[in-house]
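# Notes for the structure review
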Amino acid sequence: MESESESGAAADTPPLETLSFHGDEEIIEVVELDPGPPDPADDLVQEMEDVDFEEEEEEEGNEEGWVLEPQEGVVGSMEGPDDSEVTFALHSASVFCVSLDPKTNTLAVTGGEDDKAFVWRLSDGELLFECAGHKDSVTCAGFSHDSTLVATGDMSGLLKVWQVDTKEEVWSFEAGDLEWMEWHPRAPVLLAGTADGNTWMWKVPTGDCKTFQGPNCPATCGRVLPDGKRAVVGYEDGTIRIWDLKQGNSIHVLKGTEGHQGPLTCVAANQDGSLILTGSVDCQAKLVSATTGKVVGVFRPETVASQPSLGEGEESESNSVESLGFCSVMPLAAVGYLDGTLAIYDLSTQTLRHQCQHQSGIVQLLWEAGTAVVYTCSLDGIVRLWDARTGRLLTDYRGHTAEILDFALSKDASLVVTTSGDHKAKVFCVQRPDR
C-alpha cells in the first residue's frame, strides 16, 4: 500500500514545486516562482521560497603555512607522540561532535559535554565565535550546504542556528530530547530526530515546520537521501522508515524480520541514493533498496556470526554496528563494530572481502571520496587509514590521550579533524605516498 502511495502521488497530490509548512497561525505555501526544466534531483530545493542556489566559486582551503604558535585554545605539544598540526583546546569537557563547512573546508564547529559549541578556523585553531546559550551537552553541530549557516543542538532538544558571517543567532527551537540532526543537502532546511519518535523539518530562519511521526520510541538516526526528496530514519524498536519529505508520509516501513532486532545506530546511502545501509545493536547491517523498500542483503562479520545468540539484557555488552558507509568508486561497503572489527563487504557478491581488526571499538568510519580508502576512529584515540581493496593498514595518526568521539574529513582528504574525551579537537594533515 505504501509503495502505491508513491506511484499515485502525481494524480492526487499538489505539484512537486509546492510544499506546505505549518506556521504558528496559518499554513504557509512555499512556491518556487520559476522552477525551470524539471529536475527530480532538485525537487525539494525548488520548494524552498527565495532560495538562491547560484554557484559561487569555492575558496581554496589553507593547506599549507600552518600557524603553530601557541595562543589561547591552541596547544603546541603533548606528552607522547602527537601527529596533529593544530589542537583546539577551548572545551572544558569531552568534545562530542565536529563538522566542517562544506563550501571552503576552512572552518570547524565543535560541540561538547561542557554545554558549549565553538566555530573556529582549521589553519590555526583561532576562535571565530561561540555558539552560546546551550544548557546541556551539545551533541550535534553542522553547517548548511552553502556554509552560510551553522546549527547546534543539545541533548535536551534545544537547537540554535547562527549566520556565519555576522556571527548572530537567527533561529532557535526547543524540540524533544535530541537524537540526531542534519542539514538538507541543497536548501536551508534542517532535520532532526527526537526521543519521542518524531522527525522534524524546519525552514531556516523562518521556522516553518513539518513533523513526521514515527513509532512511540526514539528516532535514533536519520539521513536525507541524495535526491533531497526522501529521508531514511531508524528507530529504537528496530523499524526503518523511508519518508517522503514533500507529502509527509512514509513510503516504506521495514519492521519485524525485515527490520532490526534492536535499536538502530546508523544509516547511510550510496551516491545515487538507490541503496541504503542500516546498522543496529543486533550486529546486523542490512542493505535495502530505496526504490522498493525491500532488504536485498544482510551482513554480519564472521567473528560475530559464530557467537551464540545473546539475551536482550546482554546486547549492550556484546557488540553492535557503530558506523557504516559506501565506497564511491567500487561496489564496496564498510561496517565498523564496537568490538573493533572493520568489515569490508563486496556488494556485487554480498560477501565479506576483508576483516581489519582494531585494538578497541570503532566509533566512526568515513570513505575518502573518489578512492577505496576508508578512515576509522576508535576508542584507543587513533585515526587509521585502510586500503579497502587489500585490507591493508596504510597509516595511522595519534595525538589524543582519550577516545576519539567524532571526526570529519575535508573534501580533498588533506585534513582529518577529530574530537575526543580528552577535551580537545585536533587537525591532522594527511600525507599519503600513494596519492
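What you are looking at is a predicted structure, and each value in this text was computed from that prediction instead of being measured.

## Focus on the overall build of the protein
Counting its secondary structure elements, the protein contains 5 helices and 34 strands. Looking at the protein as a whole, 54% of its 435 residues qualify as buried. For the protein, contacts bridging at least 24 residues in sequence account for 45% of all contacts bridging at least 6. As presented, the protein carries roughly 18,600 Å² of accessible surface, and 46% of it is formed by carbon and sulfur atoms.

## Thoughts on the sheet that holds strand β31 (residues 392-397)
In spatial order, the strands read β28-β29-β30-β31; together these 4 strands make up an open sheet with antiparallel pairing. The sheet is open, and its two edges are formed by β28 (362-367) and β31, each paired on a single side. Taking the axes of each pair of neighbouring strands and ignoring which way they run, one obtains an average angle of 25° across the sheet.

## As for the environment of Asp196
Inspection of the secondary structure puts Asp196 in the loop between β13 (189-194) and β14 (198-203). Here Asp196 is in contact with Pro215, Asn216 and Cys217, once residues within four sequence places are set aside. At 2.5 Å, the side chain of Asp196 and the side chain of Thr194 are in polar contact. Within the structure, the side chain of Asp196 is placed 3.0 Å from the backbone nitrogen of Asn198, a separation counted as a polar contact.

## Comments concerning the pattern of salt bridges
For the coordinates displayed, the defined rule picks out 13 salt bridges. In this structure, Arg121 and Asp124 form a salt bridge, with 2.5 Å as the shortest nitrogen-oxygen distance. Where Glu126 meets Arg121, a salt bridge forms, and the shortest distance between an N and an O atom there is 2.5 Å. Residue classification places Glu126 among the partly exposed positions, given a relative accessible area of 33%. By sharing partners, the salt bridges in this structure join Arg121, Asp124 and Glu126 into a single network.

## Some points on the environment of Met155
Tracing the chain through its elements places Met155 in the loop between β9 (149-154) and β10 (158-163). Taking the C-alpha atoms as reference, Met155 lies 5.1 Å from Leu178; in sequence the two are 23 residues apart. When neighbours within four sequence positions are excluded, Met155 is seen to be in contact with Asp136, Ser137, Thr139, Asp177 and Leu178.

## Description of the side chain of Asp227
Counting through the fold element by element, Asp227 comes out in the loop between β16 (219-224) and β17 (230-235). Among the polar contacts made by the side chain of Asp227, one reaches the main-chain amide nitrogen of Lys229 at a distance of 2.9 Å.

## Observations concerning the packing of aromatic side chains
Under the counting rule described, the total for this entry stands at 10 aromatic pairs. Here Trp171 and Phe173 contribute two aromatic rings whose centre-to-centre distance is 6.1 Å and whose plane-to-plane angle is 5°, an arrangement assigned as stacked. The ring of Tyr235 is capped by Arg241, whose NZ or CZ atom sits 5.4 Å from the centre of that ring.

## Section: the sheet that holds strand β6 (residues 117-121)
Taken in spatial order, the 4 strands line up as β4-β5-β6-β7 in an open sheet, and their pairing is antiparallel. Among the strands making up the open sheet, the edge pair consists of β4 (95-100) and β7 (127-130). For this sheet, the mean inter-axis angle between neighbouring strands, taken without regard to orientation, is 20°. Here β6 runs beside β7; their pairing, made up of 3 bridges, is antiparallel. From the neighbouring strand, Phe118 faces β7, where its bridge partner is Glu130.

## Quick notes on the side chain of Lys286
As for its placement among the helices and strands, Lys286 is situated in strand β22 (residues 285-289). No salt bridge is formed by the buried Lys286. Its closest oppositely charged neighbour is Asp282, at 6.0 Å. Ignoring anything within four residues of it in the chain, the contact list for Lys286 reads Thr257, Glu258, Gly259, His260, Ile276, Leu277, Thr278, Val295, Gly297 and Val298.

## Description of the pairing of β22
Burial analysis of β22 places 5 of its 5 residues in the buried class, which makes it a mostly covered element. Going residue by residue along β22, you find Ala285, Leu287 and Ser289 tucked away on one face and Lys286 and Val288 tucked away on the opposite face as well. Where strand β21 (residues 275-280) lies against β22, 5 bridges are found, and the strand directions are antiparallel. From the neighbouring strand, Gly279 faces β22, where its bridge partner is Ala285. Taken together, β21 and the strand that follows it, β22, pair antiparallel across an intervening segment of 4 residues, in which Cys283 is found at a positive phi of about 70°.

## Side note on the confidence of the model for the protein
Parts of the prediction with low pLDDT should not have their coordinates interpreted in detail. On average, residues of the protein carry a pLDDT of 84, and 77% of them reach 70 or more. Confidence over residues 1-35 falls short of pLDDT 50; this stretch has 62 contacts with residues more than four positions distant or in other chains. Ignoring residues within four places in sequence, the model shows residues 304-316, a span with pLDDT below 50, making 9 contacts including any to other chains.

What counts and how
Residues numbered from 1 in each chain as written. Predicted model: local features only at pLDDT ≥ 70, side-chain atom pairs only at ≥ 80, totals over all residues. Heavy atoms only, no water. Helix = DSSP H or I, 4+ residues; strand = E, 2+ residues; numbered from the N terminus. Buried < 20%, exposed > 50% of the residue type's maximum accessible area, 1.4 Å probe, protein only. Contact = heavy atoms within 4.5 Å. Areas by Shrake-Rupley, 256 points an atom, 1.4 Å probe, with all protein chains shown as cover. Pairing = 2+ DSSP bridges. Axes fitted to C-alpha atoms, helices over the stretch in contact; angles between N-to-C directions. Polar contact = N/O pair within 3.5 Å; in protein donor to acceptor, adjacent residues only side chain to side chain. Salt bridge = Lys/Arg side-chain N within 4 Å of Asp/Glu carboxyl O. Phe/Tyr/Trp six-rings, centres within 6.5 Å; stacked < 30°, edge-to-face > 60°. Lys NZ or Arg CZ within 6 Å of the ring centre and 35° of its normal. Lys, Arg positive; Asp, Glu negative; His and termini not counted. pLDDT = per-residue confidence, 0-100.

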